[in-house]
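# Close look at the chain arrangement
Spelled out from the first residue to the last, the chains are:
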Amino acid sequence: MRANPRRCPGRPDEGLITISQGESMSSIERLESGPRMSQAVIHNGVVYLAGQVAADCPGAPVKDQARNILERTDKLLAAAGTDKAKLLQVTIWLADMRTFDEMNSVWDKWVVTGSTPARATVEAKLASPGYTVEMSFIAAR
Amino acid sequence: MRANPRRCPGRPDEGLITISQGESMSSIERLESGPRMSQAVIHNGVVYLAGQVAADCPGAPVKDQARNILERTDKLLAAAGTDKAKLLQVTIWLADMRTFDEMNSVWDKWVVTGSTPARATVEAKLASPGYTVEMSFIAAR
Amino acid sequence: MRANPRRCPGRPDEGLITISQGESMSSIERLESGPRMSQAVIHNGVVYLAGQVAADCPGAPVKDQARNILERTDKLLAAAGTDKAKLLQVTIWLADMRTFDEMNSVWDKWVVTGSTPARATVEAKLASPGYTVEMSFIAAR
């Protein structure tokens, strides 16, 4: 593909949209916006993510699912113009609370010391039996 | 410490900025505010709703409960000066995850394409056995 | 009451404090920030707390656990520069929904009439079997 400075690959108008949105505080930006939900919604400098599951490895052990979720979250946060050092509040659902330590072994390595979010973890059955952990994030950008 | 009217402690020049921001941004508005909870709380351009249940039809099938919740939510969002096209993040609790598709059949028709919120759905027993679905909303206004 | 321009009622320096807060709207403040999570995260005039449990009395009846949680929350909100009259949204998880009334008997006395938050309560198994109630808070400051 030829590089074309006036017509960027992907979403050419994204930059402009962001600018005007940044100006007015009540505008809303949505990423990966599907008919049921958006993966990220940005408003007033705050990024709300959809519940993240291990879409690349359903059925895998909790450790792998947690790792996959956090990799996917890193990408989503980057697309939203932020990163894990700006997390505000996280809710974690485990299909089985006995996997709490296993999940934390991945979580603890992922979070940024000095910039950890407020967090709550409870047990809940998830939408698909293949998923054993789900995480919901609110971040600043 | 001596008071010095010309040289305030802290950062004296930021006062003007803050005053106008502080006045409007820190105020909180509450709708249907009861002794236990308010149905909607508005702060800084963000609307937080209480967990919504099908108060008009407890015991009804999930489809009807979902429809009732979303009708009630429409009214509440309107009273708060906003609407479903400005939803930011939604949490859905189902008493039985096997009703996921049934709930979605109502949800998918209700949301505004291109303006869907971030969403997470998990299973949880609710406050009354008559309720089989509950939804919590954060919206911009 | 006579207006006195030199001695404001309440907290005379509040304006100045607010100013520095208003200035850097995108900055993030964290309280009791551990390697896994922070107990409070403050951004853009909003305070997000970690899920609060009765750390001082695990295994105690729900009533006592609720009381302990709310005492701890009062302290945490104070440290974050706010209080329970500025609560926006609260999620409550009960290990056993049959303790709903017991939890509410403490909650109802604690909240500030006219300033109650949006609230959702669902059942969920918590991180430790000794904990029978957990609460997650979002407040303005």
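Notes on the structure follow. (Residues numbered from 1 in each chain as written. Chains lettered and ligands numbered in written order. Predicted model: local features only at pLDDT ≥ 70, side-chain atom pairs only at ≥ 80, totals over all residues.)

### Some details on the overall build of chain A
- Counting its secondary structure elements, chain A contains three helices and six strands.
- Mapped in sequence order, the helices and strands of chain A form the string α-β-β-β-α-β-α-β-β.
- Relative to its 141 residues, chain A shows a buried fraction of 43%.
- If you take every contact in chain A between residues at least 6 apart in sequence, the share linking residues at least 24 apart comes to 71%. (Helix = DSSP H or I, 4+ residues; strand = E, 2+ residues; numbered from the N terminus. Buried ≥ 20, exposed ≤ 12 C-beta atoms within 10 Å, placed from the backbone. Contact = placed C-beta atoms within 7 Å.)

### With respect to the relation of the copies chain A and chain C
- Between chain A and chain C, the superposition needs a rotation of 120° and an axial shift of 0.0 Å, giving an RMSD of 0.0 Å. Taken together, the turn and the small shift mark the pair as related by a three-fold rotation axis. Taking the C-alpha atom as reference, chain A places Ala-124 of chain A closest to the rotation axis, 3.7 Å from it.
- The residues that chain A uses at the interface reappear at the interface of chain C in only 4% of cases, marking distinct surfaces. (Least-squares fit on C-alpha atoms with pLDDT ≥ 70 in both.)

### Let's talk about the sheet that holds strand 5 (residues 118–123) of chain B
Residues and elements named next belong to chain B.
- The strand order 1-2-3-6-4-5 describes an open sheet built from six strands, whose pairing is mixed. Because the sheet does not close on itself, it has two edges, and the strands there are strand 1 (28–33) and strand 5. Within the sheet, the average angular offset between the axes of one strand and its neighbour, ignoring direction, is 10°.
- Packing against the sheet, helix 2 (residues 62–79) makes contact with strand 1, strand 2 (38–43), strand 3 (46–49) and strand 6 (133–140), and its axis sits at approximately 25° to strand 6. (Pairing = 2+ DSSP bridges. Axes fitted to C-alpha atoms, helices over the stretch in contact; angles between N-to-C directions.)

### Some words on the nonpolar core
- Core analysis: the biggest nonpolar cluster contains 115 residues, and Val-133 of chain A, Val-133 of chain B together with Val-133 of chain C have the highest contact counts within it.
- Sequence-distant contacts of Val-133 of chain A, that is, excluding residues within four places in its chain, are made with Val-62, Gln-65, Ala-66, Ile-69, Ile-92, Leu-94, Ala-95 and Met-103 of chain A. (Core = buried A, V, L, I, M, F, W, Y, C linked by C-beta atoms within 7 Å.)

### Regarding unusual backbone geometry
- At Asn-44 of chain B, a residue that is not glycine, the phi angle is positive and equals roughly 55°.
- With respect to the helices and strands, the residue Asn-44 of chain B is situated in the loop between strand 2 and strand 3.

### Details of the environment of Ala-50 of chain A
- Here Ala-50 of chain A is to be found in the loop between strand 3 (46–49) and helix 2 (62–79).
- With 26 C-beta atoms counted inside 10 Å, the residue Ala-50 of chain A sits in the buried group.
- Ignoring any residue separated from it by four or fewer positions in sequence, one finds Ala-50 of chain A in contact with Met-37, Ser-38 and Gln-39 of chain A together with Ala-118, Arg-119 and Ala-120 of chain B.

### A look at helix 2 of chain B
Residues and elements named next belong to chain B.
- For helix 2, built from 18 residues, the straight-helix expectation of 26 Å at 1.5 Å per residue is met to within 8% by its first-to-last C-alpha distance of 25 Å.
- Taken residue by residue, helix 2 has Val-62, Gln-65, Ala-66, Arg-67, Asn-68, Ile-69, Thr-73, Leu-76 and Leu-77 as its buried positions.
- Elements that come into contact with the buried residues of helix 2 comprise strand 2, strand 3, helix 3 (100–110) and strand 6.
- Just downstream of helix 2, Gly-81 is the residue with a positive phi angle, here 85°. (Expected span 1.5 Å × (residues − 1).)

### Some words on the interface of chain A and chain C
- Every contact between the two is made by 25 residues of chain A and, on the other side, 26 residues of chain C.
- Breaking the side of chain A that touches chain C down by element, the ones donating at least two residues are strand 4 (87–94), helix 3 (100–110), strand 5 (118–123) and strand 6 (133–140) of chain A.
- It is strand 5 of chain A that provides the largest number of residues to the side of chain A that touches chain C, a total of six residues.
- Here the side of chain A that touches chain C is composed, by residue class, of 13 nonpolar, eight polar and four charged. (Nonpolar A, V, L, I, M, F, W, Y, C, P; charged D, E, K, R; others polar.)

### Overview of the sheet that holds strand 1 (residues 28–33) of chain A
Residue and element names in this part refer to chain A.
- One open sheet holds the six strands; their spatial order is 1-2-3-6-4-5, and the pairing between them is mixed. Of all the strands in the sheet, just strand 1 and strand 5 have a single pairing partner and so form its edges. Direction aside, the axes of adjacent strands within the sheet are offset by 10° on average.
- Relative to strand 3, strand 2 (residues 38–43) is paired through four bridges, and the arrangement is antiparallel. Along strand 3, the bridge assignment pairs Ile-42 with Val-47.
- Taken strand by strand, helix 2 contacts strand 1, strand 2, strand 3 and strand 6, and its axis lies near 25° from that of strand 6.

### Looking at the packing of helix 2 of chain A against helix 3 of chain A
Residues and elements named next belong to chain A.
- Axis separation between helix 2 and helix 3 bottoms out at 8 Å; the angle between their running directions is 30°. Here helix 2 lies roughly parallel to helix 3, going by the angle between them. The way helix 2 lies across helix 3 gives a crossing that is right-handed. In this structure, helix 2 contributes Val-62, Lys-63, Ala-66, Arg-67 and Leu-70 to the contact, and helix 3 contributes Glu-102, Met-103, Ser-105, Val-106, Trp-107 and Trp-110.
- When grouped by side-chain class, the residues that make up the contact of helix 2 with helix 3 number seven nonpolar, one polar and three charged. (Parallel < 35°, antiparallel > 145°, perpendicular 65-115°, else oblique. Left-handed = near helix turned anticlockwise from the far one by under 90°.)

### Some details on the environment of Asp-108 of chain A
- With respect to the helices and strands, Asp-108 of chain A occurs in helix 3.
- For the pair Asp-108 of chain A and Arg-67 of chain A, spaced 41 residues apart in sequence, the C-alpha to C-alpha distance is 11 Å.
- Sequence-distant contacts of Asp-108 of chain A, defined by excluding residues within four places in its chain, comprise Pro-35 and Arg-36 of chain C.

### Points about the pairing of strand 5 of chain B
Residues and elements named next belong to chain B.
- The buried fraction of strand 5 amounts to six of the six residues, a majority that puts the element mostly inside the structure.
- Of the two faces of strand 5, the one holding Ala-118, Ala-120 and Val-122 and the one holding Arg-119, Thr-121 and Glu-123 are both buried throughout.
- Pairing of strand 4 (residues 87–94) with strand 5 involves six bridges; the strand directions are parallel. Residue pairing for strand 5: Trp-93 is matched across the bridge by Val-122.
- With helix 3 bridging strand 4 and its parallel neighbour strand 5, the resulting β-α-β unit is right-handed. (Right-handed = clockwise from strand over helix to strand, strands pointing away.)

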